[in-house]
Amino acid sequence: MELTQYLDIFIEESKEHLQSINQQVLLLEKTPGELSIVNEIFRSAHTLKGMSATMGYEDLANLTHCMENVLDAIRNNKLDVSSSVLDVLFASLDHLEAMVVEISEGGSGKRDVAETVKELEALEKGEVPQSMQAEANNEAGSLQDYDQYEKQIIIQSKEQGFHAYELSISLREDCILKAARVYMVFEVIEQIGEIIKTLPAVDMLETEQFGTHFTLSILTKESAVDVKERILKVSEIDAVEVIDIKADQLNISSNSEREENDKLEQQEVSPQDKKSGVQQTSNAGSSGKTIRVNIERLDQLMNLFEELVIDRGRLEEISKSLKSMELNETVERMSRVSGDLQNIILTMRMVPVEQVFNRFPRMIRGLAKDLGKKVNLEIVGAETELDRTVIDEIGDPLVHLLRNSIDHGIENPVVRSSKGKNETGTIYLRAFHSGNHVFIEIQDDGAGINKQKVLSKAIENGILTKEMSENLTDKECFELLFASGFSTADVVSDISGRGVGLDVVKNKIESLGGSITVDSTEGSGTIFSIQLPLTLSIMSVMLVEISREKYAIPLSSIIETAIIRKEEILSAHNQKVIDFRGKVVPLVNMKDIFEVPGSTESGQHVPVVVVRKGDKMAALAVDSFIGQQEIVLKSLGQYLTSVFAISGATILGDGQVALILDCNALIK
Amino acid sequence: MMNEEKVIIFQLKDEEYAVPVQHVKSIERMQPITRIPRTVSFVKGVINLRGVVTPIIDLRSRFEIEEVSHTDTTRIIIVSVGTIEAGLIVDAANDVIDLDKESIEPPPEVVGGVDAEYIQGVAKIEKRLLILLDLVKVLNPEKLDVQPTKESIH
């Protein structure tokens, strides 16, 4: 069989399964008794095993097979979830990940996993009597019998966030129209979910061939209490009992492990079943249909759209000069439509930061263990979306910052308790939207930054002189951390402190059009705050004219535009300033800064654009405002890499190139 | 046949220069150039070359030959070397010929005022003396020392 065409799918899906196993194992660590999690892991591992065996990656299949055995032992209560078990599971996951990565890079996926396999086997053999199984079966006994197909639906909808309940409903003894009541109950449930099974069967219920009692199995997103309340609103209902159907109960109810494996295998070979199951649940509501699209195609689409935006600008200009009503209307309509199109294309490229954040809990766990520290990672806002290109690039800097927080920030448990802090340190990883930007914050409740240490290190490394160090503000002092060749760790450790570090992080983030700041309180923690643009390629700018040259200023850094009178320009320390809403703001004459050729005389009024960088502001004096426009950001190419105060270029409607101002470079 | 190389010949002041044709993407007429502030003087700015922002270098200025105003024959030769793409302003683009590699000789110390550093060799074809440019060196971005910040706001 020709397998290469399936390779991409195999790699993608393997990654997804590994990710989900990773997450579930972490969850399992927190709640070791939860068998539903073990089942979840088992399922992913099983699929992975099947896929890799089909593709001929034997080591991968072997290892997953051994993992499966261990998981099965856990599931059957033969093995307790101890930290040593988890360590071995994590080690196997590391191997699996490495193999998948190797395969995706064109390798054979071969890897020496003998040791881990041995460990897994040892774990599996450390088994205890199988007395518990009967008990589990008893527990499951209260449920109805579900056939394989129904189980599959329940399991799949649970994965999609549905609850499965079994409702025992009793009608009042004196109920006259039993079928009508049943109908009403059905209607209530159909509003909130879907009925998958009834006892007795539906046609018997409809013809009143039952006593006063019947049982329904439903899928819904509502809580058990809500469901109960809703049903009790139907009159003549005596009692409703809601039982949560647990996925593991479904599996355990089958008799032996062997049989169950067979069933799982069956599901694999009959995708037809599986598909219809998926369809059923997606009919029930929320989950949308998705397709995989190669990112290259999205890039192509984006490029084409960029061309369109440029042409749109050109068209707008032509229609303005022609002053034809009809043309104007058409162009306006086109602008609106392409505006919507732009939104869609941009959101299509957006992915939740979850993709990046997902791997951090694992990493933190490992690091904390290595360093003998106790660390808890709290992730907030993982659903925040960012452009795909940014997502791809942001991972490494974040890893770096997190490592930093653990290594330099969080203290040893002993130190922490002596300071009266909780032994377990906490690192918050937050992501949120604000305006046209996404912020990512990494906050720890560790030791904070020792200002003196930073200063003496900076002097030692020749970044700063003693005299300069004396009148630095806290903020300026912390900024030194981002200077190249700087590391404050006393001992160079494996994790961080090799002196390549925060400067690399800063460069990376700036290359993405973002910025990073740090703030810290000694003794109580540090917070790194990263600001990133939502998207990289299209932005809103204000076009201004300086002499006869046009420049674009990103709207995101503009506070406002104003026209000031000559008399309003004051002078302080040889620096021209203006009074802007009660604040003294330095005035920058762009004509001087950019050495624009042409006469310098100007009228009584000076148009200014007030821009900001963080909490600092500056007023840029220009010659005139042209207006606001959506532009496509283009790079200046490989040849011109470091141009002062220019972050890129764009092509205007008339085909000319306009440069984009980098306000961050103008404000120091 | 293997020993022949197609080159594009262009004129700068009184000398004729050659660059291998595989490095030349196109030859353009003069067009408006957007100036880039505070960069080295031989970088004249950027143009929109069919949607790609392309930097433009004045070769006269690059080789420290006195600059003249542009004429009808002035051309921009778009060249690409590795990942770098740029336009070179020349006085005129003259010819495309096949150059026998054996006729290329190492550069004499000084040729037409251009530093030998930028020259790969010279070739004599009939009565013409062609100077082969080393584009990698001509387009070395390290020569682009942007002037240090003169003013900034404190």
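Predicted model, so just to flag it, every value in this text is computed and none were measured.

Visitor: A description of the overall build of chain A should follow, citing residues and the corresponding values.
Guide: For chain A, the helix and strand inventory stands at 25 helices and 22 strands. Once local pairs closer than 6 in sequence are excluded, the contacts in chain A between residues at least 24 apart make up 71%. As presented, chain A carries roughly 34,000 Å² of accessible surface, and 49% of it is formed by carbon and sulfur atoms.

Visitor: Can you explain the overall build of chain B? Please cite residues and give values.
Guide: Within chain B, the regular secondary structure consists of two helices and 13 strands. Looking at chain B residue by residue over its 154 residues, the buried ones come to 49%. Within chain B, contacts between residues at least 6 apart in sequence are counted, and of these 55% link residues at least 24 apart. Total accessible area on chain B is roughly 8,000 Å²; 48% of this is exposed by carbon and sulfur atoms.

Visitor: Can you explain the packing of aromatic side chains? Please cite residues and give values.
Guide: All told, the structure shown has eight aromatic pairs over all chains when counted by the stated rule. Pairing Y551 of chain A with F594 of chain A gives two aromatic rings, centres 5.1 Å apart and planes at 35°, and the pair type is tilted. Of the two residues, Y551 of chain A sits in strand β13 (residues 549–554) while F594 of chain A sits in the loop between α24 (590–593) and β18 (605–613), which places them 43 residues apart along the sequence. Just as Y551 of chain A is buried, F594 of chain A falls in that class too. Each member of the aromatic cluster is reached from another via a ring pair, and the members are F10, Y17, F63 and Y118 of chain B. Positioned over the ring face of F644 of chain A is R38 of chain B, at 4.1 Å from the centre of the ring. Looking at R62 of chain B, its charged tip hangs above the ring of F42 of chain B, at a distance of 4.6 Å from the centre.

Visitor: Break down the confidence of the model for chain A for me, with residues and values.
Guide: A low pLDDT means the predicted coordinates there should not be read in detail. Residues and elements named next belong to chain A. Mean pLDDT over chain A: 78, with 86% of residues reaching 70 or higher. Within chain A, β13 carries the highest mean pLDDT (92), whereas helix α6 (residues 132–140) carries the lowest (37). Across residues 490–499, confidence stays below pLDDT 50; counting only partners more than four residues off in sequence or on other chains, it has 18 contacts.

Visitor: Now, about the interface of chain A and chain B: what can you tell me, with residues and values included?
Guide: Many analyses report the size of an interface as the accessible area lost when the parts associate. Chain A puts 30 residues into the contact, and the matching count from chain B is 31 residues. Across the interface of chain A and chain B, roughly 2,700 Å² is buried in total on both sides, 62% from carbon and sulfur atoms. In this structure, the connection of chain A to chain B is made through one salt bridge. Among the ionic pairs, E549 of chain A bridges to R35 of chain B, the shortest N-O distance being 2.6 Å. Among the elements that line the side of chain A that touches chain B, the one with the most residues is strand β21 (residues 646–651) of chain A, at three residues.

Visitor: Now, about the nonpolar core: what can you tell me, with residues and values included?
Guide: As a rule of thumb, nonpolar side chains are buried together in soluble globular proteins. If you look at the biggest cluster of nonpolar residues, it comprises 70 residues, and the most contacted ones within it are F594 and L636 of chain A. By size, the runner-up hydrophobic cluster in this structure holds 50 residues, among which are L401, I406, I516 and V518 of chain A.

Visitor: Which residues make up the UniProt feature "modified residue: Phosphohistidine" (unreviewed entry) in chain A, and what values do they have?
Guide: Residues and elements named next belong to chain A. The sites that carry the UniProt feature "modified residue: Phosphohistidine" (unreviewed entry) are, in the present numbering, H46. The topology assignment puts H46 in helix α2 (residues 35–55). The exposure class assigned to H46 is buried, which follows from its relative accessible area of 3%.

Visitor: Hey, could you go over the pattern of salt bridges for me, with residue numbers and the actual values?
Guide: Pairing between side chains of opposite charge can happen when their charged atoms approach one another. Residue and element names in this part refer to chain A. For the structure on display, the rule yields 29 salt bridges over all chains. Measuring nitrogen to oxygen at the nearest pair gives 2.8 Å for the salt bridge that ties E29 to R365. Here the residue E29 occupies a position in helix α1 (residues 4–30), and R365 occupies one in helix α17 (residues 360–371), the gap between them amounting to 336 residues. A residue is classified by how much of its surface remains accessible, and E29, at 33% relative accessible area, is partly exposed. Taking the shortest distance from any N to any O, the salt bridge between D392 and R388 comes out at 3.3 Å. With D392 and R388 both in helix α18 (residues 388–409) and four residues apart, the pair spans about one turn of that helix. Each of E411, R416, K419, K421 and D445 takes part in a single network of salt bridges with overlapping partners.

Visitor: Before we move on, can you summarise the sheet that holds strand β1 (residues 4–12) of chain B with the specific residues and values?
Guide: All names here are of chain B. Here six strands make up an open sheet; going across it, the order is β8-β1-β2-β13-β12-β9 and the pairing mixed. Every other strand in the sheet has two partners, leaving β8 (92–100) and β9 (104–105) as the edge strands with one partner each. Sheet topology places strand β12 (residues 119–125) next to strand β13 (residues 128–133); six bridges connect them, and they run antiparallel. Across the sheet, the residue bridging to K124 is L129, located in β13.

Visitor: Would you mind going over the sheet that holds strand β3 (residues 213–220) of chain A in detail, with residue names and values included?
Guide: Residues and elements named next belong to chain A. The sheet built from four strands is open, its strands ordered β2-β3-β1-β4 with antiparallel pairing. Each edge of the open sheet is held by one strand with a lone partner, namely β2 (193–199) and β4 (237–244). In this sheet, adjacent strand axes meet at a mean angle of 25° when their direction is disregarded. The pairing of strand β1 (residues 163–171) with β3 spans eight bridges and is classified as antiparallel. Its bridge partner being in β3, Y165 is matched across the sheet by I218. Those strands touched by helix α8 (residues 178–192) are β1, β2, β3 and β4, and its axis lies near 145° from that of β2. Sheet strands touched by helix α10 (residues 224–232): β1, β3 and β4. Its angle to β4, the strand with the most contacts, is close to 160°.

Visitor: Residue-level account of α17 of chain A, with values.
Guide: Relative to the 16 Å expected for 12 residues at 1.5 Å per residue, α17 of chain A spans 16 Å between its end C-alpha atoms, a close match to the ideal helical length. Positive backbone phi, approximately 65°, marks G372 of chain A, located one or two places after α17 of chain A.

Visitor: Residues and numbers for a nonpolar patch on the surface, please.
Guide: Residues and elements named next belong to chain A. Taken together, the side chains of L315, I318, L322 and M334 make up a nonpolar region of the molecular surface, amounting to roughly 320 Å² of accessible area. Counting residues per element, the nonpolar patch draws most heavily on helix α14 (residues 295–322), at three residues. With respect to the helices and strands, I318 occurs in helix α14.

Visitor: Any details on the packing of α2 of chain A against helix α3 (residues 58–75) of chain A? Residues and values, ideally.
Guide: Residue and element names in this part refer to chain A. Taken N-terminus to C-terminus, the directions of α2 and α3 make an angle of 160°; their axes are 9 Å apart at the nearest point. Looking at the two axes, α2 sits roughly antiparallel to α3. Seen along the crossing, α2 lies across α3 with a hand that is left-handed. Across the interface between the two elements, L35, V38, N39, I41, F42, A45, H46, L48, K49, S52 and A53 of α2 pack against L60, A61, T64, H65, E68, L71, D72, I74 and R75 of α3.

Visitor: Go over the pairing of β2 of chain A with me, naming the residues and quoting the values.
Guide: Residue and element names in this part refer to chain A. Among the seven residues in β2, five count as buried, and that is most of the element. Of the strand pairs in this sheet, β2 and β3 are connected by six bridges, and their pairing is antiparallel. If you follow I195 over to β3, its bridge partner there is I218.

Visitor: Before we move on, could you go through unusual backbone geometry and cite the residues and values that matter?
Guide: All names here are of chain A. Phi is positive for N574, close to 65°, though the residue is something other than glycine. Its place among the elements puts N574 in the loop between β15 (570–572) and β16 (575–580). Residue classification places N574 among the exposed positions, given a relative accessible area of 78%. A positive phi angle, near 50°, is found at R581, a position not held by glycine. Along the chain, the position of R581 falls in the loop between β16 and β17 (583–589).

Visitor: Would you mind going over the packing of α3 of chain A against helix α4 (residues 83–104) of chain A in detail, with residue names and values included?
Guide: Each pair of packed helices can be summarised by the angle the axes make with each other and by the distance between the axes. Residues and elements named next belong to chain A. Running from N to C, α3 and α4 point in directions that differ by 155°, and their axes come no closer than 10 Å. By the angle between their axes, α3 is roughly antiparallel relative to α4. Relative to α4, α3 is oriented so that their crossing is left-handed. Along the contact surface, α3 presents D59, L60, L63, T64, M67, V70, L71 and I74, while α4 presents V85, L89, S92, L93, H95, L96, M99, V100 and I103.

The rules behind these values
Residues numbered from 1 in each chain as written. Chains lettered and ligands numbered in written order. Predicted model: local features only at pLDDT ≥ 70, side-chain atom pairs only at ≥ 80, totals over all residues. Heavy atoms only, no water. Helix = DSSP H or I, 4+ residues; strand = E, 2+ residues; numbered from the N terminus. Contact = heavy atoms within 4.5 Å. Areas by Shrake-Rupley, 256 points an atom, 1.4 Å probe, with all protein chains shown as cover. Buried < 20%, exposed > 50% of the residue type's maximum accessible area, 1.4 Å probe, protein only. Phe/Tyr/Trp six-rings, centres within 6.5 Å; stacked < 30°, edge-to-face > 60°. Lys NZ or Arg CZ within 6 Å of the ring centre and 35° of its normal. pLDDT = per-residue confidence, 0-100. Buried area = accessible area lost by both parts, 1.4 Å probe. Salt bridge = Lys/Arg side-chain N within 4 Å of Asp/Glu carboxyl O. Core = buried A, V, L, I, M, F, W, Y, C linked by side-chain atoms within 4.5 Å. UniProt positions renumbered as here; feature names shortened; annotations may be inferred. Pairing = 2+ DSSP bridges. Axes fitted to C-alpha atoms, helices over the stretch in contact; angles between N-to-C directions. Expected span 1.5 Å × (residues − 1). Patch = residues over 30% accessible without salt bridge, like charges linked within 9 Å, V, L, I, M, F, W, Y side chains within 5 Å. Parallel < 35°, antiparallel > 145°, perpendicular 65-115°, else oblique. Left-handed = near helix turned anticlockwise from the far one by under 90°.

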